[in-house]
Structures are given as structure tokens and as C-alpha cells.
Amino acid sequence: MSLKSLLLGLLATFAAPWLLLIVRPYGSLASLAPVAYNEEAGDETKGFFPPTRSADQARGQQIYFAQGCAQCHTQVIRPQYVGGDGDEFKRNWGEAQEALAPKRTRQTSPYDYLGESFAAIGQRRNGPDLANGGFRFATRQQFLEHLYAPQARHEWSSCPPQRHLFKTRVIQGQPSRMAVFSQGKYAPGEGLEIVPSTEALDLVDYLLALRRNAPLPISLGGEKPAPAAPAASAPAAPAK
Ligand code: HEC
């Protein structure tokens, strides 16, 4: 084999995957812009997809990256064709959701990551997928307590506590409404309270907003909304 064909072969071996896996997807995905819902096409939602983030949520996302949450948590709901039912919100996934009603949401789309300087797709699933993490806890306080002490809920949790995002201080006057763990094993002691920093509050704003429940516009392949089911107790509709 001549040196020339070896070099050409090497070039092709590296250039083909680069073109197909990097250049081509970049070309088609880099210029995505928000899409307007279209009532005439059958969309029932108004406005644009994806919904925009507030400034607090955007700051929270930066903290999410800075703290390395994406090392252990993904934000990808795989499509049904990858097997089983796909990933759509599994009630028992992560064991913490027995009390929550199962809720199916759509798979994620490239549009879900619009406007993110770094997409939170994540590296691997050491912890539960957080694409719908906003549904996991009912209140802001529960998110804050999870950040301060994940082991309070699950003793076995390997989710790293983010105590540097909180401050323990002497209660002055009224205790703070935001204080976490005023009682129990993690309580800070008589006369003290643990309060979240602005960073912790922004991060929780971001986590609460992780709800992929805005429907995909029909023009992007979203499903037409199912007609509302008649109420179970309603008398049968007269035949037309
Ligand atoms: C070392 C890996 C790791 C890192 C880094 C990590 N987590 Fe976790 N996380 C886990 C594991 C494992 C669980 C499941 C155990 C549990 O419920 O505490 C979890 C659970 C959670 C849950 C509850 C999810 C549910 O469905 O019950 C939330 C919310 C969460 N993590 C947020 C975060 C945030 C925010 C960060 C960054 C500040 C973070 N995690 C960083 C491993 C990690």
C-alpha cells in the first residue's frame, strides 16, 4: 500500500465521522429558533415553544452547571422507539415518587435546550433523570432541604449536599420563612437557623421549572391533543 493511500484512508476515517456526527448536526441544530404554536394546525397552546426562562432560573442553571449536577443527572427523555415505553416520567423511578400520580410527558426535543450556552443533557445517570425534576417535590422548601441534606430523605443517597449554598446564623427577631430543618437531626441548635443563599434559591427556581409539560407544536411533530374524555358520571350523550 502506498503512503498516499494510507494517508487518504486515515483522513477519510477521521473526516467521515467528524462530518456526520459534528458538522452536519451542528449545521441543522445551531440555527434553531423558538417556534410559534399554530392554532390552525391544531395546537391548543398559545405563545412560543420552548417557554422562556426567567432571569432567576437562568442564573440557577449556571449554578447547576458550576456544581456539577450534570455529572450525575441527565435531562433527556428518550423516545419510545429505544425500547419499552421510553423514559416518559416513570412513577417508580428513583423510588421517591410512589406518592405522586404517574404523569406521562413527551420526550425531549432539541428545542428544549434552546438558548442554553451548555445543554444540560448530562453525562450519566447516577441519579434520576431531572428532565421532569420540577414535579418530583411539591414545594420549594422540599427542594431546599434536599440540597442541604439529601440523606435526610434517603439515608443511602449519594447526592452531594450543597451546604455551602446555605448559611447558619443566629435568629434575629422572627425566624426566616425560608429556614430549613428547624427541627430534627439536621437542626442547627437553639437560637440558630439555616438559611438559603440567593444561589440556592436561584437553583431551586431552576429545578422547579424543570417540567417538560409544554406540548411540542404540531409543526415539530407534536401529537394532536386527545379530545377531552367525557366525565365518568355524566349521563350518556343522546345520539345525534
Ligand atoms: C455524585 C452524583 C450526584 C451529583 C453530583 C448530584 N446528584 Fe442529585 N442525586 C444523586 C442520586 C444518586 C440521587 C438519588 C438519591 C436521592 O433521592 O437522594 C439524587 C437525587 C436528586 C434529586 C431528587 C430526585 C428524585 O427524583 O427524587 C434532586 C432534585 C437532585 N438529586 C438534585 C441535584 C442537584 C441540584 C445537584 C447539583 C447541585 C445534584 N443533584 C448533584 C446523585 C447526584
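Since the model is a prediction, treat every value here as computed from it, not as a measurement.

1. Some points on the coordination of the iron atom of the ligand
On the protein side, the iron atom of the ligand has H73 (NE2) and C159 (SG) as donor atoms, found 2.0 to 2.2 Å from it. In this structure, the iron atom of the ligand is surrounded by six donor atoms whose angles at the metal cover 88 to 179°, and the resulting shape is octahedral. Of this pair, H73 sits in the loop between α2 (55-66) and α3 (140-148) while C159 is found in the loop between α3 and β3 (166-170), placing the two residues 86 residues apart along the sequence. Judged by its relative accessible area of 12%, H73 is buried.

2. As for the packing of α3 against helix α4 (residues 198-208)
A packed helix pair is summarised by two numbers, namely the angle formed by the two axes and the spacing between the axes. Where α3 contacts α4, the two axes come as close as 10 Å, and the packing angle between them is 120°. For α3 against α4, the interelement crossing comes out right-handed. In contact with R140, F143, L144 and L147 of α3, α4 contributes A200, L201, L203, V204, D205, L207 and L208. Its residues assigned to classes, the contact of α3 with α4 comprises nine nonpolar, no polar and two charged.

3. Points about the site of the ligand
Close to the ligand lie 24 residues; C69, C72, H73, R136 and C159 are nearest. H146 is positioned such that a nitrogen or oxygen atom in its side chain is 3.2 Å from a nitrogen atom of the ligand. Within the side chain of R153, an N or O atom sits 2.9 Å from an oxygen atom of the ligand. The element contributing the most residues to the shell around the ligand is α3, with three residues.

4. With respect to helix α1 (residues 3-29)
The first and last C-alpha atoms of α1 sit 38 Å apart over 27 residues, in line with the 39 Å expected at 1.5 Å per residue. The largest bend along α1 reaches roughly 40° and is located at L19.

5. What about the environment of Q151?
Mapped onto the elements, Q151 comes out in the loop between α3 and β3. Taking the C-alpha atoms as reference points, Q151 and P161, ten residues apart in sequence, are found 8.2 Å from one another. When residues no more than four places from it in sequence are discounted, the contact partners of Q151 are S157, C159, P161 and Y186.

6. Focus on the confidence of the model for the chain
Fine structural detail should not be taken from predicted coordinates in areas where pLDDT scores are low. Per-residue confidence for the chain gives a mean pLDDT of 85; residues scoring 70 or more make up 83%. Note on residues 232-240: pLDDT is under 50 here. Beyond four places in sequence and across chains, it has zero contacts.

7. Some words on the side chain of N132
Tracing the sequence through the fold places N132 in the loop between α2 and α3. You can call N132 buried: its relative accessible area is 3%. A distance of 2.7 Å separates the side chain of N132 from the backbone nitrogen of R212, its partner in a polar contact.

8. Brief notes about the packing of aromatic side chains
Within the structure shown, the criterion is met by eight aromatic pairs. Between F65 and F118, the ring centres sit 4.8 Å apart and the planes meet at 80°, which makes this aromatic pair edge-to-face. With a gap of 53 residues between them, F65 in helix α2 and F118 in the loop between α2 and α3 connect regions that are remote in the sequence. Given a relative accessible area of 17%, F65 falls into the buried group. Residue classification places F118 among the partly exposed positions, given a relative accessible area of 45%.

About the cut-offs
Residues numbered from 1 in each chain as written. Predicted model: local features only at pLDDT ≥ 70, side-chain atom pairs only at ≥ 80, totals over all residues. Heavy atoms only, no water. Donors = N, O, S within 2.8 Å, 3.2 Å for Na, K, Ca; no water. Tetrahedral: all angles 85-135°; square planar, octahedral: opposite > 155°, others 65-115°. Helix = DSSP H or I, 4+ residues; strand = E, 2+ residues; numbered from the N terminus. Buried < 20%, exposed > 50% of the residue type's maximum accessible area, 1.4 Å probe, protein only. Axes fitted to C-alpha atoms, helices over the stretch in contact; angles between N-to-C directions. Left-handed = near helix turned anticlockwise from the far one by under 90°. Contact = heavy atoms within 4.5 Å. Nonpolar A, V, L, I, M, F, W, Y, C, P; charged D, E, K, R; others polar. Near = heavy atom within 4 Å. Polar contact = N/O pair within 3.5 Å; in protein donor to acceptor, adjacent residues only side chain to side chain. Expected span 1.5 Å × (residues − 1). Bend = angle between axes of the 7 residues up to and from the residue. pLDDT = per-residue confidence, 0-100. Phe/Tyr/Trp six-rings, centres within 6.5 Å; stacked < 30°, edge-to-face > 60°.

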